[in-house]
Amino acid sequence: MLRQMVRTHEFVVAGCVLVLSIVVGLINPAYFTLGNLFDLLRNATTYGILAVGVLVVLISGEVDVSFPAIAAASSYIAVKILIASGFQGPAPVVYTLAMPFGFAFGLLNATLISRFRLPALIVTLGTAGMIYGFVLFFIGNLVLYNLPSGLVKYGEASLITVEDAAAGTSALHPSVLLLFGAAAAVAILLKYTMAGRGVFALGGNREAAVRSGFNIRLIEYGIYCLAGVLAAIAGVTQVALFRNANPAALMGAELEVIAAVVLGGASITGGRGTVTGALLGLSLITILKSSLVLVGIPSEWQKVAIGCVLLIGITVPVIRLRRQQRVAASDGI
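Treat the numbers as computed from the prediction; the structure is a model and nothing was measured.

Reading guide: rules and limits
Residues numbered from 1 in each chain as written. Predicted model: local features only at pLDDT ≥ 70, side-chain atom pairs only at ≥ 80, totals over all residues. Heavy atoms only, no water. Helix = DSSP H or I, 4+ residues; strand = E, 2+ residues; numbered from the N terminus. Rg over C-alpha atoms; globule rule 2.2 N^0.38 Å. Buried < 20%, exposed > 50% of the residue type's maximum accessible area, 1.4 Å probe, protein only. Areas by Shrake-Rupley, 256 points an atom, 1.4 Å probe, with all protein chains shown as cover. Lys, Arg positive; Asp, Glu negative; His and termini not counted. Charge placed at Lys NZ, Arg CZ, Asp CG, Glu CD. Phe/Tyr/Trp six-rings, centres within 6.5 Å; stacked < 30°, edge-to-face > 60°. Salt bridge = Lys/Arg side-chain N within 4 Å of Asp/Glu carboxyl O. Axes fitted to C-alpha atoms, helices over the stretch in contact; angles between N-to-C directions. Parallel < 35°, antiparallel > 145°, perpendicular 65-115°, else oblique. Contact = heavy atoms within 4.5 Å. Nonpolar A, V, L, I, M, F, W, Y, C, P; charged D, E, K, R; others polar. Disulfide = S-S within 2.5 Å. Patch = residues over 30% accessible without salt bridge, like charges linked within 9 Å, V, L, I, M, F, W, Y side chains within 5 Å.

**Q** Got a minute to help me understand the overall build of the protein in this structure?
**A** Helix and strand content of the protein: 14 helices and two strands. Its C-alpha radius of gyration of 21 Å places the protein within 12% of the 20 Å reference for a compact globule of 333 residues. Its C-alpha atoms give the protein principal-axis dimensions of roughly 70 × 55 × 35 Å. Expressed as a percentage of the 333 residues in the protein, the buried residues total 48%. As displayed, the protein offers around 16,400 Å² of accessible surface, 68% of which is attributable to carbon and sulfur atoms. Taking the 20 positively charged and 13 negatively charged side chains of the protein as two groups, their mean positions are separated by 10 Å.

**Q** Teacher, can you tell me more about the packing of aromatic side chains here?
**A** To describe a pair of aromatic rings, you give the distance between the ring centres and the angle between the ring planes. Within this structure, the stated rule accounts for four aromatic pairs. Ring centres 6.1 Å apart and planes at 85 degrees place the aromatic pair tyrosine 95 and tyrosine 154 in the edge-to-face group. In this pair, tyrosine 95 is assigned in helix 5 (residues 91-115) and tyrosine 154 in helix 7 (residues 149-156), connecting sequence segments 59 residues apart. Accessibility assignment for this pair places tyrosine 95 and tyrosine 154 in one class, buried. Summarising the aromatic geometry, the rings of phenylalanine 137 and phenylalanine 138 are spaced 4.9 Å apart at their centres and angled 80 degrees between planes, so their arrangement reads as edge-to-face. For phenylalanine 137, a relative accessible area of 69% gives the class exposed. Feature note: the residues Phe134, Phe137 and Phe138 constitute an aromatic cluster, connected by ring pairs.

**Q** Looking at this model, I keep getting lost on the pattern of salt bridges. Mind explaining?
**A** Across all of its chains, the model carries two salt bridges by this definition. With its nearest N and O atoms 2.8 Å apart, the salt bridge here joins arginine 206 to glutamate 220. Linking arginine 206 in helix 10 (residues 206-211) with glutamate 220 in helix 11 (residues 216-242), this pair joins segments that are 14 residues apart in sequence. For arginine 206, a relative accessible area of 24% puts it in the partly exposed group. Salt-bridge contacts for glutamate 256 lead to lysine 289; the nearest nitrogen and oxygen are separated by 2.9 Å. One end of the pair, glutamate 256, is in helix 12 (residues 253-263); the other, lysine 289, is in helix 13 (residues 275-294), and 33 residues separate them in sequence. With relative accessibility at 22%, the residue lysine 289 sits in the partly exposed group.

**Q** Can you help me understand the packing of helix 5 against helix 7 in this one?
**A** For any two helices packed against each other, one specifies the crossing angle of their axes together with the interaxial distance. Following both chains from N to C, one finds helix 5 and helix 7 inclined at 105 degrees, their axes separated by 7 Å at the closest point. By the angle between their axes, helix 5 is roughly perpendicular relative to helix 7. Contacts between helix 5 and helix 7 involve Ala91, Val94 and Tyr95 from the first element and Gly150, Leu151 and Tyr154 from the second. Broken down by class, the residue content of the contact of helix 5 with helix 7 amounts to five nonpolar, one polar and no charged.

**Q** Would you take a moment to explain the packing of helix 8 (residues 175-192) against helix 11 for this structure?
**A** Where helix 8 meets helix 11, the axes come as close as 11 Å, and the angle between the chain directions of the two elements is 170 degrees. If you check the angle between helix 8 and helix 11, you find them roughly antiparallel. Contact with helix 8, carried on its side by Ser175, Leu178, Ala182, Val186 and Leu189, involves Leu226, Leu230, Ile233, Thr237 and Leu241 of helix 11 and no other residues of that element. The residue makeup of the contact of helix 8 with helix 11, split by class, is eight nonpolar, two polar and no charged.

**Q** It is not clear to me how the state of the cysteines should be interpreted in this structure. Could you clarify?
**A** In protein structure, a disulfide is the covalent linkage between the sulfur atoms of two cysteines. Taken as a whole and assessed by the stated rule, the structure comprises zero disulfides. Free of any disulfide, cysteine 16 has its nearest cysteine sulfur in cysteine 308, 15 Å distant.

**Q** Looking at this structure, I do not really get a nonpolar patch on the surface. What am I missing?
**A** Residues Leu18, Ile22, Leu26 and Phe32 make up a contiguous nonpolar surface patch of about 450 Å² in total accessible area. Of the residues examined, leucine 18 reaches a relative accessible area of 53% and is grouped as exposed.

**Q** Sorry, what's going on with the environment of isoleucine 268 here?
**A** Its location among the elements puts isoleucine 268 in the loop between helix 12 and helix 13. The class of isoleucine 268 is partly exposed, set by a relative accessible area of 35%. Along the backbone, isoleucine 268 and isoleucine 70 are 198 residues apart, and their C-alpha atoms lie at a distance of 21 Å. Not counting residues within four places of it along the chain, the set of residues in contact with isoleucine 268 comprises Leu58, Val63 and Val262.

**Q** Would you mind going over unusual backbone geometry with me for this structure?
**A** Excluding glycine, residues mostly carry a negative phi; peptide bonds, for their part, are mostly trans. Positive phi, close to 60 degrees, is recorded for arginine 243, a residue that is not glycine. Tracing the backbone through its elements, the reader meets arginine 243 in the loop between helix 11 and helix 12. For arginine 243, a relative accessible area of 40% translates into the label partly exposed. Of note, the phi angle at leucine 250 is positive, near 65 degrees, even though the residue is not glycine. Structurally, the position occupied by leucine 250 is in the loop between helix 11 and helix 12.

Written out as structure tokens, the structure reads:
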């Protein structure tokens, strides 16, 4: 059992996270503080919720790049409506209002992809542009700072507060509970439900999934609607953490999120991936970004580093698979 665990992709990524943390901590001891841990969790929350939705899409064998647009549009429309109505109530109302918009955008993706059998990457590239353009032209193009008071209080809330002599006061934001809740729900869905088995079957072999009796169209609709709802939740979380609603927020986030999920072991061709791996991949990306700042490397190099990580995350599993296939073929001979 231990040998099998060591051979898993998740174990390798966890080892990389540990090694990187030790190296950064040795260079800058401020890394090993509760305040820095809370900051890392805060920075990872929005992308983590997005990553959980992206994971389901990747396991199904497709690639979705519209989730940043869905997150920004759903949250911006919800906040705009509530500001216009004079709402000053609690933050859960904002989430509740944003999620149907995320569901609707996900339903649009699902309809185009499943009903007309169009490539998901092309469809979601198109819908992302449509969504951004629609919001900017019809809803508004100004950043909103006069958020409902309930959402402002939620953005300032904390689960735990610590005092640090160097960094001052640091707090663990309650939004991490949303991340853990979303991750747990998707993990249960994928591992213990027939719908989750259908997602893996769809990504592994579509024809075999059809012959096994899975309702492929229903599964595809569920995948993209779930990704849309999770994107809406991530969008409102982003608004609360940054205390403003930006119609173009998260633009370009698809690179980091997809890189994190692929790095965590999800196959870009489908049929493989775990929530644990996705979160570990996200942890590695988040630590990598923060470590560049801590060790004094300019932030402009972040995209370069993430691009390199994405290439490595795609290349290494392919090399390992080919090596295993060669070993299996030689054993067969």
